[in-house]
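Coordinates in review
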Amino acid sequence: DAVVKVQMVSARVVTVNDSNCKAAERFAVYSMEARSQGGRINRVTRRYHDFSKLHGMLEAGAAKEAALRLPPKHIFSMSSLSEAFLQDRQGELQRYIDRLLAAAPLACAP
């Protein structure tokens, strides 16, 4: 089934304690639901870095003509994990995904 809609559903801060690190790592994750033509729903959670990697791969291929712009990366700070920042970034990523799905060269790609 082809994906017909992707909706950002949440943004939250995750804390990971690594036994090799002295300090816990904190970062933002964004959850999305992808709906297919057949009504199937898949939920995935990704970091901004994952969107950045996808964007780089797309720029190297079919997306060159689509002129997609990923929201800019921010230098890590406590404000980049604030609720206001996460809500803004979630909206920016939603607009990016909407443009990505609407891009003719990408929509026709296998």
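Residues numbered from 1 in each chain as written. Predicted model: local features only at pLDDT ≥ 70, side-chain atom pairs only at ≥ 80, totals over all residues. Heavy atoms only, no water.

1. Considerations on the pattern of salt bridges
For the structure shown, the criterion picks out four salt bridges. For E33, the salt bridge goes to R35, with nearest N and O atoms at 3.6 Å. The class of R35 is partly exposed, set by a relative accessible area of 38%. (Salt bridge = Lys/Arg side-chain N within 4 Å of Asp/Glu carboxyl O. Buried < 20%, exposed > 50% of the residue type's maximum accessible area, 1.4 Å probe, protein only.)

2. Section: the sheet that holds strand 2 (residues 25-36)
The sheet built from three strands is open, its strands ordered 1-2-3 with antiparallel pairing. The open sheet has two free edges, formed respectively by strand 1 (3-16) and strand 3 (41-46), since each of these has just one partner strand. Along the sheet, successive strands turn relative to each other by an average axial angle of 20°, direction set aside. As defined by bridge partners, strand 1 adjoins strand 2 across twelve bridges and the pair is classed as antiparallel. Counted as the bridge partner of Q7 is E33 from strand 2. Contacting strand 1 and strand 2, helix 2 (residues 83-102) crosses the sheet at an angle of about 150° to strand 1. (Pairing = 2+ DSSP bridges. Helix = DSSP H or I, 4+ residues; strand = E, 2+ residues; numbered from the N terminus. Axes fitted to C-alpha atoms, helices over the stretch in contact; angles between N-to-C directions. Contact = heavy atoms within 4.5 Å.)

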